[in-house]
Amino acid sequence: MAALSVLALLLLLACGGPRAAGQKRKEMVLSEKVSQLMEWTSKRSVIRMNGDKFRRLVKAPPRNYSVIVMFTALQPHRQCVVCKQADEEYQILANSWRYSSAFTNKIFFAMVDFDEGSDVFQMLNMNSAPTFINFPAKGKPKRGDTYELQVRGFAAEQLARWVADRTDVNIRVIRPPNYAGPLMLGLLLAVIGGLVYLRGSNLDFLYNKTGWAFAALCFVLAMTSGQMWNHIRGPPYAHKNPHTGQVSYIHGSSQAQFVAETHIVLLFNGGVTLGMVLLHEAATSDMDVGKRKIMCIAGIGLVVFFFSWLLSVFRSKYHGYPYSFLMS
């Protein structure tokens, strides 16, 4: 009976030995990975990776940490303006996490540039940049682990919400101080103060209806064109097709827009508004009939053409809209 017990113990040790050794080896590899990533993160919040680093630290097991990777093309000859803008926001997000009191080794931020890791782009069948992908601690990336850049924009705050959704890690975005706003406000107050000082005896300009109307009109045009949406979402200026090289200034979806699209809509709205102003002046001014006719024709032309262009933009975003005017 004792011999059977000893034999059973020996068999257990023989079977469990290699398994324990394998587990210990796996823990050592994982510890080396985390230590390497922590060392690089201490020097730079966003870790630059080539193909070898990506395969070893992101793709290969074991891994108990998530990696947010931005695939981009930052070299000047690539002429990717959006990549540079997205990189600035990505750096802000990574720095906010790196210098946060909640910083842990459960999530890291990395970057693969096309010119440094084109093999990674080929391995993932990726043909556009910038692209953000979350590689979770367990399993392969799912559909939601690819960031919807065209819909949500690349603002650091939007990226932080996506990271929180995919990793349960909440990052409070801390932006570097921007003194442009206070400086512009100070300049405006200085100009107003100077005008009041120089024309202290005559403040009739403050009651100028035309000036106030023009200022209000500029504000309304800026807001209705989508400037606030741009400020919140941080969309790219335009989109360049990597296959054809064609640049799109109008987003094809009703759920998103480009910055260039905002400028185009602002111009069209301004054209329609100018046409309406000319029509009003033609109907109410005391000028001679010939000038009023010219103003009337110009006003009608501006309204017709710019409204037609506005409607064509609307049709391109809301597919299936049946109506058009002059232009399709």
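Note that the structure is predicted; figures quoted are calculated from it, not measured.

Visitor: Just to check I follow, could you spell out the UniProt feature "transmembrane region" (unreviewed entry) in the protein for this structure?
Guide: Taking the numbering used here, the UniProt-annotated feature "transmembrane region" (unreviewed entry) corresponds to residues 179–198, 210–229, 264–282 and 294–314. The distance separating the terminal C-alpha atoms of residues 264–282 is 27 Å; by composition the span is 100% helix and 0% strand. Its end C-alpha atoms 30 Å apart, residues 294–314 is made of 100% helix and 0% strand.

Visitor: Please explain the nonpolar core as it appears in this structure.
Guide: Nonpolar side chains in soluble globular proteins generally cluster together in the buried interior. Core analysis: the biggest nonpolar cluster contains 29 residues, and Leu-93, Phe-109, Phe-132 and Val-163 have the highest contact counts within it. For this core, the secondary-structure elements that each account for two or more residues are strand 2 (66–72), helix 3 (81–98), strand 3 (107–113) and helix 6 (156–167). For this core, the element with the most residues is helix 3, which contributes 8 residues. Residues in contact with Phe-132, not counting those within four places in the same chain, are Val-69, Met-70, Ala-86, Tyr-90, Asp-145, Thr-146, Tyr-147, Leu-149, Leu-159 and Trp-162. Counting residues in each nonpolar core, the second largest holds 20 residues, with Val-58, Tyr-65, Val-112 and Phe-121 among its members.

Visitor: Would you explain the state of the cysteines in this entry?
Guide: As used here, a disulfide is simply a covalent bond connecting the sulfur atoms of two cysteines. Applying the stated criterion across every chain, the model contains 1 disulfide. Between Cys-80 and Cys-83 runs a disulfide, and the two sulfur atoms are separated by 2.1 Å. Disulfide Cys-80 to Cys-83: torsion about the S-S bond roughly 70°, handedness right-handed. Of the two residues examined, Cys-80 and Cys-83, each falls in the buried class.

Visitor: Would you mind going over the packing of aromatic side chains with me for this structure?
Guide: The geometry of an aromatic ring pair is captured by the separation of the ring centres together with the interplanar angle, meaning the angle of the planes. On inspection of all chains with the given rule, the structure shows 14 aromatic pairs. An angle of 55° between the planes, with centres 5.3 Å apart, marks the rings of Tyr-90 and Phe-132 as tilted. Highlighted residues: Tyr-90 in helix 3 and Phe-132 in strand 4 (residues 131–135), separated in sequence by 42 residues. Phe-132 matches Tyr-90 in its accessibility class, with the two residues each being buried. Here Phe-132 and Tyr-147 contribute two aromatic rings whose centre-to-centre distance is 5.8 Å and whose plane-to-plane angle is 90°, an arrangement assigned as edge-to-face. Remark: Tyr-147 occurs in the loop between strand 4 and helix 5 (149–152) and Phe-132 occurs in strand 4; sequence separation between them is 15 residues. For the pair Phe-132 and Tyr-147, a shared accessibility class is recorded, and that class is buried. Here the aromatic residues Phe-54, Phe-71, Phe-114, Phe-121 and Phe-135 are joined through ring pairs into a cluster of three or more. Seen from the ring of Trp-40, Lys-53 lies directly overhead, with NZ or CZ sitting 4.6 Å from the centre.

The rules behind the values
- Residues numbered from 1 in each chain as written.
- Predicted model: local features only at pLDDT ≥ 70, side-chain atom pairs only at ≥ 80, totals over all residues.
- Heavy atoms only, no water.
- UniProt positions renumbered as here; feature names shortened; annotations may be inferred.
- Helix = DSSP H or I, 4+ residues; strand = E, 2+ residues; numbered from the N terminus.
- Core = buried A, V, L, I, M, F, W, Y, C linked by side-chain atoms within 4.5 Å.
- Buried < 20%, exposed > 50% of the residue type's maximum accessible area, 1.4 Å probe, protein only.
- Contact = heavy atoms within 4.5 Å.
- Disulfide = S-S within 2.5 Å.
- Phe/Tyr/Trp six-rings, centres within 6.5 Å; stacked < 30°, edge-to-face > 60°.
- Lys NZ or Arg CZ within 6 Å of the ring centre and 35° of its normal.

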